[in-house]
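An overview of the molecular structure
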Amino acid sequence: MNTIESVTDKLANIFPNESEIPSEYAYGEPVHQKEYLVNGEIKIWNGAVQDIFSPVCIQTANGTEQKFLGTTPLLTEVEATDALNAAIGAYKNGTGEWPTMTVEGRIRAMEAFVKAMKSKRTEVVKTLMWEIGKTIKDSEKEFDRTVEYILDTIEAYKKLDRSSNNFQFEQGIIGKIRRSPLGVVLCMGPYNYPLNETFTTLIPALIMGNTVVFKPAKIGVLLHRPLLEAFRDSFPKGVINVVFGRGRATVGPLMTTGKIDVLAFIGTSKSANIMKMQHPRPNRLRSVLALEAKNPAIVLNHADLDLAVKECALGSLSYNGQRCTALKIIFVQKNVVDTFINKFVKEVEALKWGMPWEDGVQITPLPEPEKPGLLKALIEDAEAHGAQVINTGGGTIEHTFYAPAIVYPVNSKMKLYYEEQFGPVVPIVAYDKIEEVIQYMVESNYGQQASIFGTDNDDVASLTDNLINQVCRVNINSQCQRGPDVFPFTGRKDSGEGTLSVADALRTFSIRAMVAAKDIDVNKEMLTDIIKDRSSKFLSTDFIF
């Protein structure tokens, strides 16, 4: 049997029978979700629903079929508008209970939520694994990282409040400067990190005193169901509202009202642009966007190739390359490209394929139904312009499973050279002079991150200086990544707006506001009495430990 036949056989048997799934990971009966959260009430929907299928397929008597997970509500403009009105009512032009609550009060509410959230860990993690095909270990990591993010946000909020605790005296003016909320936030996260990345906007938006309408991504929906009660019980009514359905039916109508103050969206620039253009008051709208990227790895001729290969394989194919921070194209200097490719092919072919609950599995089924076809089209375009899939069986499709494909030599005539593939396809470009790569970055529509692999100090330093004003993070001898969450996460060009990290996000979802008074005796006496009587929350000097 040749290698191509063995790959075909491997894929033919990659999906299990129901009886082969370990009991602790078995999904059980389908979940027919009818619940959604508006104005502090979990409402029941009896209208149209969306069928939810797992990327994991099951061998049945009728052949290979995607596992049916259940249904979720397809709400309409009516329900979405109810959610918006609830958020507007809770904000109450900045005078509502939540935006005027003390810092300590909002922290207590967030602590209550995270406690309730932790009690749902098993259910959320299992649903996350089944819905998007993420490995069980990565699903657990996503949940735990999200909890850690919330706790870190609470601590950062305390620190931020302490720094604004005192009055300032300048040029005969007494000033009190603090951060104030922005208003109503429409929050939408991505399918690839439906919990973690969603919460990196949702949590800071909430804790800074904004009210929120949250619509989950079209994939990765059911995992939010166990958290609805936690949202309801932890926050005042109307502060957090969770709706489900298609974006055209729910999001579009909300944006056209002009009553959304902040758009927090993680997805594609095309979708973000459509939503922003729907808003009739663009100067009022603040956008917090994490969008697509085409992050390059740049392998210099003096790089430690073993290290570069390992980091590039991990960076390009972790969670099947379905990460905005994934390495989307690899540039290798010509005099080492053959050696790099030989090592890289072996590294990729050694990756374990399988189901997300299997130990050590690295390549799993894809959750987007259309993705295998889109990746196939990109490869066919590359092949038409002189490239080849150079790893055995790369690009082979078996239902929702897509065998990782390494494509070489890639050039500027190919879509794969410019477009984000967001999947397990790795384009490799051989370059002669480093100026070619720098020019690629200058002309690129994207500017999130880049990775440099090399051992010559001067070359690495020079390339870093050339790239740092093209991207927002340069990684040296390591893959691109988001974490640690205390570091800033943002992008240039079409890759993002606003900065997300534990501390930066608090500032992103708020604005500096100030109370000023002339430095005269009557004002000093008044401010002293206000502070003593605790009659103003904004002018408070309480110190939170």
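Now for a description of the structure that goes with this document. (Residues numbered from 1 in each chain as written. Predicted model: local features only at pLDDT ≥ 70, side-chain atom pairs only at ≥ 80, totals over all residues. Heavy atoms only, no water.)

**Let's talk about the packing of helix α3 (residues 103–118) against helix α6 (residues 196–207)**
Between α3 and α6, whose axes approach to 10 Å, the crossing angle comes to 145°. Seen from α3, the contacting residues are Arg106, Ile107, Met110, Phe113 and Met117; seen from α6, they are Phe199, Ile203, Leu206 and Ile207. Class assignment of the residues belonging to the contact of α3 with α6 gives a composition of eight nonpolar, no polar and one charged. (Axes fitted to C-alpha atoms, helices over the stretch in contact; angles between N-to-C directions. Helix = DSSP H or I, 4+ residues; strand = E, 2+ residues; numbered from the N terminus. Contact = heavy atoms within 4.5 Å. Nonpolar A, V, L, I, M, F, W, Y, C, P; charged D, E, K, R; others polar.)

**Overview of the pattern of salt bridges**
Inspection of every chain in the model, using the stated rule, returns 20 salt bridges. The salt bridge involving Asp485 is made with Arg145; its shortest N-O contact spans 2.9 Å. In this pair, Asp485 sits in the loop between β22 (473–476) and β23 (492–493) while Arg145 sits in helix α5 (residues 136–163), placing the two residues 340 residues apart along the sequence. When its relative accessible area of 24% is taken as the criterion, Arg145 is described as partly exposed. Put simply, Glu420 and Lys328 hold a salt bridge, and the shortest N to O gap is 2.6 Å. Of this pair, Glu420 sits in the loop between α13 (415–418) and β19 (425–431) while Lys328 sits in strand β14 (residues 327–333), and the two are 92 residues apart along the sequence. Here the residues in one salt-bridge network are Arg145, Glu197, Arg482 and Asp485, joined through shared partners. (Salt bridge = Lys/Arg side-chain N within 4 Å of Asp/Glu carboxyl O. Buried < 20%, exposed > 50% of the residue type's maximum accessible area, 1.4 Å probe, protein only.)

**A word on unusual backbone geometry**
Each neighbour pair has its own omega, and for Tyr408 with Pro409 the value is -5°, a cis peptide bond. Between Gly483 and Pro484 the backbone carries a cis peptide bond, its omega angle lying at -10°. Topologically, Pro484 is positioned in the loop between β22 and β23. Located in the positive-phi region is Tyr319, a residue other than glycine, with phi close to 45°. Position of Tyr319 relative to the elements: it lies in the loop between α10 (305–317) and β14. Tyr319 gets classed as buried once you look at its relative accessible area, which sits at 6%. For His399, which is not glycine, the phi torsion reads 55° and is therefore positive. The topology assignment puts His399 in the loop between β16 (397–398) and β17 (401–402). We classify His399 as partly exposed; its relative accessible area is 42%.

**Here we look at the pairing of strand β13 (residues 295–299)**
In terms of burial, β13 is largely enclosed, as five of its five residues are buried. By the alternation rule, side chains of β13 split into Asn295, Ala297 and Val299 and Pro296 and Ile298, which are all buried. Where β13 and β14 come together, five bridges link them in parallel fashion. Bridging across to β14, Val299 finds its partner in Val332. For the crossover from β13 across α10 to β14, the handedness is right-handed. Strand direction decides the pairing type here: β13 and strand β21 (residues 449–453), joined by three bridges, are parallel. Along β21, the bridge assignment pairs Ile298 with Ile452. (Pairing = 2+ DSSP bridges. Right-handed = clockwise from strand over helix to strand, strands pointing away.)

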